[in-house]
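Here are the chains, one letter per residue:
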Amino acid sequence: MQKSFSLAGLQKIVPSLFMIDCGGSDTLDRWRHDLFVFIDELEIEALNRFSGENLGSSRRMNQCASILRILFSAAAERKSGFSITQALYDIVNGVERDDLSPAFYAEINSLFAGLVQGGDADAAIIAADHGDNELEGREAALLRSAQLDGMENRVTSFMARYSDGLNAASVARRARRRERIKAYFKIDDEQWYDWRWQIDHIVQDIYTLSRILTMSRAEKEAVVRARENALPFGVTPYYLSLMDDDDLDARRDATVRAQVLPPTEYVDQVIESKGREGDLSGLDYMREEDTSPIDLITRRYPAICIFKPFNTCPQICVYCQRNWEIEDAMAADALASPAKIEAAVKWIGEHPTIREVLITGGDPLAMSDELVERIVTMVAEIPTVERIRIGTRTLVTMPMRITERLASFLGSLRQPGVREVVVVTHVEHSYELTPEVAIAVDRLRRQGIGVYNQLVYTFFVSRRFEAAFLRRRLRQVGIDPYYSFNAKGKEETADYRVPIARLLQEQSEEARLSPGIERTDEAVFNVPGQGKGYLRSLRQRQLIGIDPDGSRVYEFFPWEDGIVKVAPAPYIARDVPILDYLERLNRIGENVAEYQSIWRYF
């Protein structure tokens, strides 16, 4: 695939670029001026050629011309730290630029191709012709209905590739897994469905893990190295039952495994950071320490704060935002002191501008019933709090935690017209949805508790229509899609990251084909120290550079921009090279031709 993108390809797409008179451009700034004139001429010529024929092509030309102007600007180059203008100047003048990778040429070639050639209709995910016709009335409606059937059949063909934990085959598979684990621990169903037993038997050592789970050599070595270096790790027996014993290469449970079994590169980088800093504070990507006005509280927005009374989970997600402050799964000292908890609650009460409190951590529902009831009640007694949000993954890691007692307690805090109580969970893949999850969600909803999902858009859920299928199944069990987070740009979790363009493509081409209730989530990028940047809004970001390795460089504007007089400084983010992502898809057997429109999303 790399051979497809090169200097020769650029020369073929836009040969006139290599005819700009470099002799008269004795300085880079003069050549930059000539380059801007060249882009203007290309755009005018292309628009005249396609005028009236294809609105999509015209939009693509305008978009590519606008982006090229930004990329070639001196201001953008100062911010990104790399001069694309200099790179083009050099290659046009025959200067060797060995630093320019095929991924770099893939981006530049795509932009110039979009400018001079317009749209890329061959990359459309739905190939059928839905153009204008001369029919009217019922005949037109019947044709349109047939076209829509074709579209949905195409979507269904993609979704059929993915497993979920609710179908009969998956239920039977998990039953066999459950029996294997129960036999190892010598327990019965009553113990298995007791959430306290699940917590007491969290698996943290390779000896137990390798006896109840079929693992690859790389997985075993990574877990051993992580534990030898005291990295946080733990998996509930229930969640282990969601992993397959057979067909390790089938990728059916790849997302489930990736949640908790750390890649070697992750382990190595976390160990390195720990050795350098003395702890894991260097992994505080979101700069939570900079937004914590008092212990246990994080505040980034006007009307909501995060309250973290319990700093651990039954299970550690590899890419967890707070892996820097969680000592281990169900660490003994995870509960904050009564004095700190009372001080944090008092602080919330002293700030009536805070109308919503997100209680998270760690996972607050891993606490005992008595602790949950005491702490959540303290928050509910603050008269200015209109909404309590519980952030928990126990719905997925041990759904038996959602007992009738817990659901009834949360429901008792609701006061229609006064206070709302909601649960926000994190289902990452349709294979995590099980009958047990459906029962837990139903218990909450019967108490009037809304349940919402935050998806982290990682490589392991980024195949065509994979996330759309998840949203479809979420709605069927009663969970509302809420956010789709672009995987954070943490260096240690590079294996999980996906280009921003892929999430934009997913939202525009896949989620868009689902009924509105299935696609209510918002695609966001987490800006360190500031909060969520909405990816649908071009007002909150712009592409300002492309590095030699093909990484796009974005400038993200703070959410306050345009709201307050002086907003925080923009954040510069380097993305995953699109070509690298496509090659990785190719390695797992995906037809990358189905993803080619990714280049037109910025």
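Before any of the text, the structure's been laid out above.
For every chain, the first residue of its written sequence is number 1, and the numbers climb from 1 along that sequence. Totals for whole chains, interfaces and linings use every residue, but because this is a predicted model, local features are given only for residues with pLDDT of at least 70 and side-chain atom pairs only at 80 or more, for both listing and counting. The side-chain numbers reported here are obtained from all heavy atoms of the structure, hydrogens and water having been left aside.

*Asks:* Teacher, can you tell me more about empty space enclosed by the protein here?
*Replies:* To locate leftover empty space, one rolls a probe as large as a water molecule over the atoms. A cavity here means a set of 1 Å grid points, computed over protein atoms only, where a 1.4 Å probe fits but cannot escape. A pocket is an open set with protein on both sides within 12 Å along at least 5 of 7 lines, and lining residues have an atom within 4 Å of a point. Grid points are joined across faces, edges and corners, and a volume is the space filled by probe spheres set on the points. In the structure shown here, the tally under the stated rule is 2 cavities of 30 Å³ or more. Space inside the largest cavity adds up to approximately 80 Å³. Forming the boundary of the largest cavity are Ala226, Leu231, Pro232, Phe233, Val260, Pro262, Tyr266, Val267, Ile316 and Val318. When residues are grouped by polarity, Ala, Val, Leu, Ile, Met, Phe, Trp, Tyr, Cys and Pro land in nonpolar, Asp, Glu, Lys and Arg in charged, and all others, Gly among them, in polar. The residue inventory of the lining of the largest cavity, partitioned by class, reads 10 nonpolar, no polar and no charged. A volume near 30 Å³ is recorded for the second largest cavity. The wall of the second largest cavity is formed by Asn453, Leu455, Leu470, Arg471, Leu474, Pro481, Tyr482, Tyr483 and Asp521. Contributing elements (two or more residues each) for the lining of the second largest cavity: β6 (450-457), α21 (466-477) and β7 (480-486). Split into classes, the residues belonging to the lining of the second largest cavity amount to 6 nonpolar, 1 polar and 2 charged. Strands are runs of DSSP state E lasting at least 2 residues, helices are runs of H or I lasting at least 4, and numbering of each runs from the N terminus.

*Asks:* Can you walk me through helix α6 (residues 102-117) in this structure?
*Replies:* Since the α-helix turns once every 3.6 residues, residues separated by three or four places project in the same direction. Taking 1.5 Å per residue as the helical rise, α6 with its 16 residues ought to reach 22 Å, and the 21 Å between its terminal C-alpha atoms agrees with that figure. In terms of burial, α6 is a largely internal element, 14 of the 16 residues being buried. Gly118, located one to two residues past α6, shows a positive phi value of around 85°. By this rule the span expected of a helix is its residue count minus one, scaled by 1.5 Å. Under the scheme applied here, a residue whose accessible area is under 20% of the maximum for its type counts as buried, over 50% as exposed, and between as partly exposed, the area being computed with a 1.4 Å probe on protein chains only.

*Asks:* Please clarify how the packing of aromatic side chains should be interpreted in this entry.
*Replies:* The geometry of an aromatic ring pair comes down to the distance between the two centres and the angle between the two planes. The criterion for an aromatic pair is that two Phe, Tyr or Trp rings (for Trp, the six-membered ring) have centres within 6.5 Å, with stacked assigned to planes under 30 degrees apart, edge-to-face to planes over 60 apart and tilted to the rest. A complete count under the given rule lists 18 aromatic pairs for this structure. Aromatic side chains Phe82 and Phe104 sit 6.2 Å apart centroid to centroid with 90° between the ring planes, which places their arrangement in the edge-to-face category. A residue pair is termed long-range when its members are at least 10 positions apart, and Phe82 in the loop between α4 (74-80) and α5 (84-92) and Phe104 in helix α6 qualify at 22 residues. Exposure class is identical for Phe82 and Phe104. Each is buried. Through pairs of rings, three or more aromatic residues link up here, namely Tyr319, Phe459, Phe460, Tyr496 and Tyr581. Here the basic side chain of Arg174 rests over the ring of Tyr431, its NZ or CZ set 3.9 Å away from the ring centre. Each ring is checked for a lysine NZ or an arginine CZ that lies within 6 Å of its centre and within 35 degrees of its normal; such an atom marks a charge sitting over the ring. Note that Arg584 overlies the ring of Phe459, its terminal NZ or CZ placed 3.8 Å from the centroid.

*Asks:* Would you mind going over the environment of Asp580 with me for this structure?
*Replies:* By secondary structure assignment, the location of Asp580 is in helix α23 (residues 578-587). With relative accessibility at 34%, the residue Asp580 sits in the partly exposed group. Sequence spacing of Asp580 and Thr520 is 60 residues, and the spatial spacing of their C-alpha atoms is 30 Å.

*Asks:* Help me understand helix α19 (residues 404-412) in this model?
*Replies:* Listing the buried residues of α19 in full gives Leu406, Ala407, Phe409, Leu410 and Gly411. At its buried positions, α19 is contacted by α17 (369-380), β4 (387-391), β5 (420-425) and α20 (435-445). Throughout, a residue-residue contact means that at least one pair of heavy atoms, one from each residue, lies within 4.5 Å.

*Asks:* Just to check I follow, could you spell out the pattern of salt bridges for this structure?
*Replies:* Charged atoms that come close allow side chains of opposite charge to pair. A pair is scored as a salt bridge if a Lys or Arg side-chain nitrogen falls within 4 Å of a carboxyl oxygen belonging to Asp or Glu. Applying the stated criterion across every chain, the model contains 48 salt bridges. Ionic pairing is found between Arg405 and Asp369, a salt bridge with its closest N-O pair at 3.7 Å. Linking Arg405 in helix α19 with Asp369 in helix α17, this pair joins segments that are 36 residues apart in sequence. Given a relative accessible area of 40%, Arg405 falls into the partly exposed group. Under the relative-accessibility criterion, Asp369 is labelled buried at 11%. Of the charged contacts, one joins Asp575 and Arg497 as a salt bridge, the two residues approaching to 3.9 Å between their closest N and O atoms. Note that Asp575 is positioned in the loop between β12 (571-574) and α23 and Arg497 in the loop between β7 and α22 (500-510), a separation of 78 residues in sequence. Taking relative accessible area as the criterion, Asp575 reaches 6% and is therefore assigned buried.

*Asks:* Hey, could you run me through the nonpolar core in this one?
*Replies:* Note on soluble globular proteins: their nonpolar side chains tend to be buried together. Residues belong to one nonpolar core when they are buried, are Ala, Val, Leu, Ile, Met, Phe, Trp, Tyr or Cys, and are joined through side-chain atoms within 4.5 Å. Membership of the largest hydrophobic core comes to 156 residues, with the highest contact counts inside it found for Leu17, Leu88, Phe112, Phe307 and Ile348. If you tally residues by element for this core, the top one is α6, at 9 residues. Sequence-distant contacts of Leu17, defined by excluding residues within four places in its chain, comprise Leu10, Leu35, Phe38, Leu88, Val92 and Phe112. Membership of the second largest hydrophobic core comes to 10 residues, among which are Ile126, Met151, Tyr162 and Phe465.

*Asks:* Teacher, can you tell me more about the pairing of β6 here?
*Replies:* Each regular strand shows side chains that alternate between the opposite faces of the sheet. When you tally the buried positions in β6, you get 6 out of 8 residues, the bulk of the element. With 4 bridges connecting them, β5 and β6 associate as parallel partners. Note that in β6 the partner of Val424 across the bridge is Tyr452. Criterion used throughout: strands pair if DSSP finds at least two bridges between them. Where β6 meets β7, 6 bridges bridge the pair, whose relative direction is parallel. Across the sheet, residue Val456 finds its bridge partner in β7, namely Phe485. With α21 bridging β6 and the parallel β7, this β-α-β connection has right-handed handedness. Note on handedness: a clockwise path from strand one over the helix to strand two, with the strands aimed away from the viewer, defines a right-handed crossover.

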